[in-house]
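Residue-level structure breakdown
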Amino acid sequence: MKSNMIKPENKPYQSVLAVLSVQLYGCEKSYQQLALLSSQLNNISESRLISSLLTLDFMLHHYINDKGEVWDIQKESYQMFCNRSESLKIVNSGYSEKDVQHFFQWIVMLSNWDHGLNLPITYSFH
């Protein structure tokens, strides 16, 4: 995705989308939602982008492996979690205010607020 195809207000979030494209790979519904969102960066507002990120499908679920560990998107990719798990249980947890706040803080941390430096950020959806 070329940076000139993105609204200036959304440029800081390119780094977020790059990280999420790796972390969510294999988590099909959320990955597809993210790919669609990425294709709309020139047409949506910053507030709509943030809202869409905070309501990705994975935010509604807890992914628990056979060891009782819960997947944490900030610690490992979905694919890595699945690869080290013999089985996976997906539990509908609804939106947790704490989880949303935690994820939002991570989004802010991942954002490239110095986007004026024109650092190359590349990512693609398979």
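Please refer to the structure higher up on the page.
Computed from a predicted model, the values in this text were never measured in an experiment. (Residues numbered from 1 in each chain as written. Predicted model: local features only at pLDDT ≥ 70, side-chain atom pairs only at ≥ 80, totals over all residues. Heavy atoms only, no water.)

**Concerning the pattern of salt bridges**
Evaluation of the coordinates by the stated rule reveals 2 salt bridges. For E69, the salt bridge is made with R84, and the minimal N-O distance between the two is 2.5 Å. In this pair, E69 is assigned in the loop between β1 (61-65) and α4 (78-83) and R84 in the loop between α4 and β2 (88-92), connecting sequence segments 15 residues apart. According to the relative accessible area criterion, E69 is partly exposed, its value standing at 30%. Between E76 and R84 there is a salt bridge, with its nearest N and O atoms 2.7 Å apart. Linked through salt bridges whose partners overlap, the residues forming this network are E69, E76 and R84. (Salt bridge = Lys/Arg side-chain N within 4 Å of Asp/Glu carboxyl O. Helix = DSSP H or I, 4+ residues; strand = E, 2+ residues; numbered from the N terminus. Buried < 20%, exposed > 50% of the residue type's maximum accessible area, 1.4 Å probe, protein only.)

**Things to note about a nonpolar patch on the surface**
On the surface, F104, V108 and W113 cluster together into a nonpolar patch covering about 280 Å² of accessible area. The residue F104 is located in helix α5 (residues 97-110) in this model. (Patch = residues over 30% accessible without salt bridge, like charges linked within 9 Å, V, L, I, M, F, W, Y side chains within 5 Å. Areas by Shrake-Rupley, 256 points an atom, 1.4 Å probe, with all protein chains shown as cover.)

**Re the nonpolar core**
Core analysis: the largest hydrophobic core is formed by 28 residues, its most contacted members being L20, L24, L53, F58 and F103. Taken together, the elements giving at least two residues each to this core come down to α1 (14-23), α2 (28-39), α3 (46-54), α4 and α5. Setting aside its immediate chain neighbours within four residues, F58 contacts L24, C27, S30, Y63, W71, I73 and F103. (Core = buried A, V, L, I, M, F, W, Y, C linked by side-chain atoms within 4.5 Å. Contact = heavy atoms within 4.5 Å.)

**Structural notes on the pairing of β2**
Across the 5 residues that make up β2, only a small minority, 0, are buried. Two elements, β1 and β2, share 5 bridges in a ladder whose sense is antiparallel. Residue H62 lies in a different strand from β2, and its bridge partner there is V91. (Pairing = 2+ DSSP bridges.)

**Notes on the packing of α1 against α2**
Direction vectors running N to C along α1 and α2 enclose 155 degrees, while the axes themselves pass 10 Å from each other. Here α1 is positioned roughly antiparallel relative to α2, judged by the angle of their axes. In the crossing of α1 with α2, the sense of the turn from one axis to the other is left-handed. Each of L17, L20 and S21 in α1 lies in contact with α2, whose residues at this interface are Y31, L34 and S38. (Axes fitted to C-alpha atoms, helices over the stretch in contact; angles between N-to-C directions. Parallel < 35°, antiparallel > 145°, perpendicular 65-115°, else oblique. Left-handed = near helix turned anticlockwise from the far one by under 90°.)

**Comments concerning the side chain of S21**
Assignment of secondary structure puts S21 in helix α1. Within the structure, S21 has its side chain in polar contact with the backbone oxygen of A18 (distance 2.7 Å). (Polar contact = N/O pair within 3.5 Å; in protein donor to acceptor, adjacent residues only side chain to side chain.)

**Details of the packing of aromatic side chains**
Under the counting rule described, the total for this entry stands at 8 aromatic pairs. With centroids separated by 5.7 Å and ring planes inclined at 85 degrees, the aromatic side chains of Y13 and W113 adopt a geometry described as edge-to-face. Of this pair, Y13 sits in the segment before α1 while W113 sits in the segment after α5; the two residues are 100 residues apart in sequence, bridging distant segments of the chain. What makes Y13 buried here is its relative accessible area of 5%. Using a relative accessible area of 47% as the deciding quantity, one classes W113 as partly exposed. Ring centres of F58 and F103 lie 5.3 Å apart, and the angle between their planes is 85 degrees; this geometry places the pair in the edge-to-face category. With F58 in the loop between α3 and β1 and F103 in helix α5, this pair connects stretches of sequence that are 45 residues apart. The exposure classification of F58 matches that of F103, with both residues buried. An aromatic cluster is present here, built from F58, Y63, W71, Y78, F103 and W106 joined pairwise through their rings. (Phe/Tyr/Trp six-rings, centres within 6.5 Å; stacked < 30°, edge-to-face > 60°.)

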